[in-house]
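Each chain, letter by letter, is given below.
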Amino acid sequence: MVHTQSTLQSVTRLLVIGLLGLFSVSALASPAYDAMKAKKPEQVVQAPDFSLTTLDQQAINLSDYKGKVVVLNFWATYCIPCRIEMPSLEKFSQKHQANDVEVVAISLDEGKEKAIQSLVNKMNLTFPIALEGQSAGDNYQVSVLPVTYIIGKQGELLARVVGDRDWASEEADQLVKAVLAGE
């Protein structure tokens, strides 16, 4: 069983190793992607699933959101740009919830549940925050924070946004419209 799990992890990592290389600033990108500096993958790839626990002790998996667009944000409490963009992610989440768009944040902090809870309370965040997400971060090849992935309704990677953004902006709304329209 351990060998099988190790092999599965190795295969997952190999599949994801090319993940970063799959994203391009292609001429095929729509203006909505350009405005948010979102990079589209050159080919369709399934997003790696994850199994984590949220701040409120609920199990969370990417596969739980099949049929919805997921805005998957990797962050940490020590990352100032991450903390700056959190309120705009909350506004984005509230605005697009009815459009089958879900924001999910994965904290790469280890053992900082109280600090995370304090930030969540201070910023009135209502979207799910998964804890101890380093393994998911590894599978997504996260090397800089914040980084946000847009995942389609069938679990496909549609875009990667590196760095903090104003998710409460018109540009973010246009990106969601483009994603929902299949652009």
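Residues numbered from 1 in each chain as written. Predicted model: local features only at pLDDT ≥ 70, side-chain atom pairs only at ≥ 80, totals over all residues. Heavy atoms only, no water.

Caption draft 1: Structural view of the overall build of the protein chain. When its secondary structure is counted, the protein chain shows seven helices and nine strands. Pairs at least 24 residues apart make up 72% of the contacts formed inside the protein chain by residues separated by at least 6 positions. Counting every atom, the protein chain has about 9,400 Å² of accessible surface; 53% of that belongs to carbon and sulfur. (Helix = DSSP H or I, 4+ residues; strand = E, 2+ residues; numbered from the N terminus. Contact = heavy atoms within 4.5 Å. Areas by Shrake-Rupley, 256 points an atom, 1.4 Å probe, with all protein chains shown as cover.)

Caption draft 2: View of the pairing of strand 8 (residues 147–151). Burial analysis of strand 8 places five of its five residues in the buried class, the great majority of the element. Burial along strand 8 is two-sided: the residues Val147, Tyr149 and Ile151 and Thr148 and Ile150 are all buried. Linkage of strand 8 to strand 9 (residues 157–162), two consecutive antiparallel strands, is achieved through a turn of five residues, within which glycine 155 is found at a positive phi near 85 degrees. (Buried < 20%, exposed > 50% of the residue type's maximum accessible area, 1.4 Å probe, protein only. Pairing = 2+ DSSP bridges.)

Caption draft 3: Molecular detail of the nonpolar core. Core analysis: the largest hydrophobic core is formed by 56 residues, its most contacted members being Leu72, Phe74, Tyr140 and Trp167. Broken down by element, this core gets its largest block of residues, six residues, from strand 5 (residues 69–75). Excluding residues within four positions of it along the chain, leucine 72 makes contact with Phe50, Val104, Ile106, Tyr140, Val147, Thr148, Tyr149 and Ile151. (Core = buried A, V, L, I, M, F, W, Y, C linked by side-chain atoms within 4.5 Å.)

Caption draft 4: Fine view of the environment of proline 48. Looking at the secondary structure, you find proline 48 in the loop between strand 2 (38–41) and strand 3 (51–54). For proline 48, a relative accessible area of 8% corresponds to the buried category. Sequence-wise, proline 48 and leucine 62 are 14 residues apart; in three dimensions their C-alpha atoms are separated by 8.0 Å.

Caption draft 5: A look at the side chain of glutamate 102. For glutamate 102, the location among the structural elements is in strand 6 (residues 101–107). We classify glutamate 102 as buried; its relative accessible area is 14%. There is a polar contact of 3.2 Å between the side chain of glutamate 102 and the side chain of lysine 68. (Polar contact = N/O pair within 3.5 Å; in protein donor to acceptor, adjacent residues only side chain to side chain.)

Caption draft 6: Broad picture of the state of the cysteines. Per the stated rule, a full pass over the model turns up one disulfide. The disulfide partner of cysteine 79 is cysteine 82, and the gap between their sulfur atoms is 2.3 Å. Judged by the torsion about the S-S bond (80 degrees), the cysteine 79/cysteine 82 disulfide is right-handed. Of the residues examined, cysteine 79 reaches a relative accessible area of 7% and is grouped as buried. Judged by its relative accessible area of 0%, cysteine 82 is buried. (Disulfide = S-S within 2.5 Å.)

Caption draft 7: Region of interest: the side chain of asparagine 61. Within the fold, asparagine 61 resides in strand 4 (residues 59–61). When residues no more than four places from it in sequence are discounted, the contact partners of asparagine 61 are Asp49, Phe50 and Ser51.

Caption draft 8: Just unusual backbone geometry, in detail. Here the amide bond leading from leucine 145 into proline 146 is cis, since omega sits at -15 degrees, within 30 degrees of zero. By secondary structure assignment, the location of proline 146 is in the loop between helix 6 (134–139) and strand 8. Of note in this structure, aspartate 100 is not a glycine but carries a positive phi near 60 degrees. Along the polypeptide, aspartate 100 turns up in the loop between helix 4 (80–96) and strand 6. According to the relative accessible area criterion, aspartate 100 is partly exposed, its value standing at 32%.

Caption draft 9: Structural context of the packing of aromatic side chains. Taken as a whole, this structure holds four aromatic pairs when the rule is applied. Centroid distance phenylalanine 74 to tyrosine 149: 6.1 Å. Interplanar angle 90 degrees. Geometry classified as edge-to-face. Separated by 75 residues along the polypeptide, phenylalanine 74 in strand 5 and tyrosine 149 in strand 8 bring together distant segments of the chain. The burial state of phenylalanine 74 is the same as that of tyrosine 149; both residues are buried. (Phe/Tyr/Trp six-rings, centres within 6.5 Å; stacked < 30°, edge-to-face > 60°.)

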